[in-house]
Amino acid sequence: MGSEPAADTEAIHESDPEGPPARCHILEEDPDLGAGLSETDLVAATRALVAPVLVAAGPTWVPPTYDPQTSFGLLVLEGFLGRRLRVGRAVATELLSTGDIMRPWEQPLFGLSEYSLDWRVFRPLRLAVLDGDVTTLIGRRPQLVVNFSSRLLRRARAAAYLMAVSHQTRVEDRLMETLWFVAQSWGRVTPRGVRIPFRVTHEVLSEILGAQRPSVTTAFRKLTEQGLVAREADGTLLLRDPGSRAAAHAVPQVARSQD
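Heads up: these notes are all about the structure in this document.

Calculation criteria
- Residues numbered from 1 in each chain as written.
- Predicted model: local features only at pLDDT ≥ 70, side-chain atom pairs only at ≥ 80, totals over all residues.
- Heavy atoms only, no water.
- Axes fitted to C-alpha atoms, helices over the stretch in contact; angles between N-to-C directions.
- Helix = DSSP H or I, 4+ residues; strand = E, 2+ residues; numbered from the N terminus.
- Parallel < 35°, antiparallel > 145°, perpendicular 65-115°, else oblique.
- Contact = heavy atoms within 4.5 Å.
- Nonpolar A, V, L, I, M, F, W, Y, C, P; charged D, E, K, R; others polar.
- Core = buried A, V, L, I, M, F, W, Y, C linked by side-chain atoms within 4.5 Å.
- Buried < 20%, exposed > 50% of the residue type's maximum accessible area, 1.4 Å probe, protein only.
- Expected span 1.5 Å × (residues − 1).
- Polar contact = N/O pair within 3.5 Å; in protein donor to acceptor, adjacent residues only side chain to side chain.

1. Observations regarding the packing of helix 5 (residues 171-186) against helix 7 (residues 213-225)
At a minimum axis distance of 9 Å, the contact between helix 5 and helix 7 shows a crossing angle of 75 degrees. Comparing the axis directions of helix 5 and helix 7 gives the class roughly perpendicular. On helix 7, the residues touching V171, E172, L175 and M176 of helix 5 are S215, V216, A219, F220, K222 and L223. Split into classes, the residues belonging to the contact of helix 5 with helix 7 amount to 7 nonpolar, 1 polar and 2 charged.

Below, the structure written as structure tokens:
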């Protein structure tokens, strides 16, 4: 097995300081957020929901601060990042990508323990800023409130699932379940299997699994020998489950993104 590819190392930037701030139509970028609206409301909301856009190329990111009382959050339009929380000597990473909404100005928990929080960019980001103006427009339509709030709850459900996975005894089982979770969320269906279009290092995987990095490397080697996982030339991962799992489990989420 070759060495793990490094994350991108370009600098962070928000927009060209010489030009106007970039903006986007949120529902054109992410049509699922308009689900359940009437045709008339969808047309009006698509035209009205225009947000500033931030970009960040990595390898680290310092989130901007917006008023937590009026700003809904940041919507990931493109890219892949990790929210890395350290408590004592323990480290846990949460993966976020297209469609996730985050509120990075929120503190994890108050008064329980000393912690540090940092963000790492694994693939350059485009983020829509759901600022006070956008939040006001969302609040005018209950269906939009439900849709946008569901994206926040999706992260909580994902965290609960991965927590359950982390309690499995064998590291290779934890690793396989986690990779399929990532594939189901953001994978691409190809004739050879489901490709995870991001470069995920063993260090990051160990922080997700709650395992030591050498154990993850050993587990990855076992899965590779079994033909279940392969690392592509560009550092991305290909899942090649010989059973029906790729069709029955992953494809419903990723079929719209076929290569």
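Now that the structure has been shown, the text picks up again.
2. Quick notes on the nonpolar core
With 31 residues, the main nonpolar core has L95, L175, L179, I196, V229 and L239 as its most contacted residues. Counting residues per element, the ones that place at least two in this core are helix 4 (142-166), helix 5, strand 10 (193-196), helix 6 (202-209), helix 7 and strand 12 (237-239). With residues near it in sequence (within four places) discarded, L175 still touches L205, L209, V216, A219, F220 and L223. Grouped together as the second largest cluster of nonpolar side chains are 19 residues, I26, A51, L75 and L77 included.

3. Observations regarding helix 5
Between its first and last C-alpha atoms helix 5 spans 22 Å; for 16 residues at 1.5 Å apiece the expected length is 22 Å, and the two agree. Burial analysis of helix 5 places 13 of its 16 residues in the buried class, which makes it a mostly covered element.

4. Thoughts on the environment of T190
Summarising the element assignment, T190 is placed in strand 9 (residues 188-190). A C-alpha to C-alpha distance of 9.1 Å links T190 and L238, two positions 48 residues apart in sequence. In this structure the side chain of T190 is engaged in a polar contact, spanning 2.8 Å, whose partner is the backbone oxygen of G193.

5. Considering the packing of helix 3 (residues 132-139) against helix 4
Orientation of helix 3 relative to helix 4, taken along the N-to-C sense of each, is 120 degrees, at an axis distance of 6 Å. Classed by the angle they form, the pair helix 3 and helix 4 counts as oblique. Residue-level inspection shows L137, I138 and G139 of helix 3 in contact with helix 4, the latter providing L144, V145 and F148. The class makeup of the residues in the contact of helix 3 with helix 4 is 5 nonpolar, 1 polar and no charged.

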